[in-house]
Amino acid sequence: MLDKLIDDEQFWNILHYEQWIIFQSFNRIYIYDTKTEEFNIISETDTILKAFVVNNAIYFHVINKGLFEIEKGRFKNIDKPDKGGNFYEKKKFNCGKKS
C-alpha cells in the first residue's frame, strides 16, 4: 500500500463507516475494508474539499465537479443532471444568518 501513496501526501480527514475506514487527502480517498484488509483508491484531478458520512452513506465534495456518493467501492456524481444526479434540484438553502 505504501508504494501507492503520493510523495508528501497528507491525510486531513479520517472517517469510520461500518467495516470501512476512509482516509481523505487533497486529491484522493482511500477506503480500507477491515474485513477483507483491502484498499480501494478514488483519485481526483481537482481538490476533494470534504468527505462525510450522512444517513448511512458516504459522500465527498470535489471543487468544480460537485457532490459524489460512494457506493460499493465506486463513486457517482449525485448533483449534476448531466451525470445522472439531481440532488440539489428544487431544494432551497439558507446559508445566511437568521434575523
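These notes cover the structure that comes with them.

Conventions adopted
Residues numbered from 1 in each chain as written. Predicted model: local features only at pLDDT ≥ 70, side-chain atom pairs only at ≥ 80, totals over all residues. Heavy atoms only, no water. Salt bridge = Lys/Arg side-chain N within 4 Å of Asp/Glu carboxyl O. Helix = DSSP H or I, 4+ residues; strand = E, 2+ residues; numbered from the N terminus. Buried < 20%, exposed > 50% of the residue type's maximum accessible area, 1.4 Å probe, protein only. Pairing = 2+ DSSP bridges.

Before going further, it helps to examine the pattern of salt bridges. Counted according to the given criterion, the structure contains two salt bridges. Lys65 is the salt-bridge partner of Glu44, the closest N and O atoms lying 2.8 Å from each other. Remark: Lys65 occurs in the loop between strand 6 (57–62) and strand 7 (66–71) and Glu44 occurs in the loop between strand 4 (38–43) and strand 5 (48–54); sequence separation between them is 21 residues. By relative accessible area, Glu44 is classed as buried at 11%. Ionic pairing is found between Asp46 and Lys65, a salt bridge with its closest N-O pair at 3.9 Å. Note that Asp46 is positioned in the loop between strand 4 and strand 5 and Lys65 in the loop between strand 6 and strand 7, a separation of 19 residues in sequence. Salt bridges sharing partners connect three or more residues here, namely Glu44, Asp46 and Lys65.

Looking now at the pairing of strand 7. By the criterion of burial, strand 7 is predominantly enclosed, with five of the six residues buried. Bridge analysis of strand 6 against strand 7 gives five bridges, and the strand direction is antiparallel. Bridged to Val62 within strand 7 is Gly66.

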